[in-house]
Amino acid sequence: VQLVESGGGLVQPGGSLRLSCAASGFTFSSYAMSWYRQAPGKERELVAVIFSAGGSTNYADSVKGRFAISRDNAKHTVSLQMNSLKPEDTAVYYCNARIGYYDYWGQGTQVTVSS
């Protein structure tokens, strides 16, 4: 299993970024995919999840209405569109796949929201 994130960077408050995660090594369409984030000195937290069946989604309260998770089962990718970014969104963002009882993680991509 391999998960490779891209798309992080530095953005001003109120700006937008789109993160992408390319997945390989498993039957992508069969599993829920998630984005987590970890800010300095804080625990890793779930940001958004998209389920395999029907593509339903759930979001952390802190990002509802601003972030949107999507998946392309043909391309084996999951994306996170982040709008109206705030300084408190600054963190390393990780792509996650839970397969059976095991969590697989990407290497993470840094998102910094600052003026």
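Quick caveat: nothing in here was measured; it's all calculated off a predicted structure.

Peer 1: Now, about the pairing of strand E9 (residues 91-99): what can you tell me, with residues and values included?
Peer 2: With respect to burial, E9 is a largely interior element, seven of its nine residues being buried. Relative to E9, strand E4 (residues 33-38) runs antiparallel, the two sharing six bridges. Paired with Tyr-36 across the bridge in E9 is Tyr-94. Alignment of E9 against strand E11 (residues 109-113), held across three bridges, turns out to be antiparallel. Bridge pairing in E11 places Val-92 opposite Gln-110.

Peer 1: A description of the nonpolar core should follow, citing residues and the corresponding values.
Peer 2: With 29 residues, the main nonpolar core has Met-33, Trp-35, Val-78, Leu-80, Met-82 and Tyr-93 as its most contacted residues. Those elements that provide at least two residues to this core are strand E3 (17-24), E4, strand E5 (45-50), strand E7 (67-72), strand E8 (77-82), E9 and E11. With five residues, the top contributor of residues to this core is E9. In this view, Leu-80 contacts Leu-17, Arg-18, Leu-19, Trp-35, Val-47, Ala-48, Phe-67, Ala-68, Ile-69 and Tyr-93; residues no more than four positions away in its chain are not counted.

Peer 1: Any details on the state of the cysteines? Residues and values, ideally.
Peer 2: If you walk through the whole model with that rule in mind, you get one disulfide. Paired through a disulfide, Cys-21 and Cys-95 show a sulfur-sulfur distance of 2.2 Å. Looking down the S-S bond of the Cys-21 and Cys-95 bridge, the torsion is -80°, so its handedness is left-handed. Of this pair, Cys-21 sits in strand E3 while Cys-95 sits in strand E9, placing them 74 residues apart in sequence. Here Cys-21 and Cys-95 have matching classes, each one buried.

Rules of the game
Residues numbered from 1 in each chain as written. Predicted model: local features only at pLDDT ≥ 70, side-chain atom pairs only at ≥ 80, totals over all residues. Heavy atoms only, no water. Buried < 20%, exposed > 50% of the residue type's maximum accessible area, 1.4 Å probe, protein only. Helix = DSSP H or I, 4+ residues; strand = E, 2+ residues; numbered from the N terminus. Pairing = 2+ DSSP bridges. Core = buried A, V, L, I, M, F, W, Y, C linked by side-chain atoms within 4.5 Å. Contact = heavy atoms within 4.5 Å. Disulfide = S-S within 2.5 Å.

Just geometry here; none of it tells us what the structure is for.
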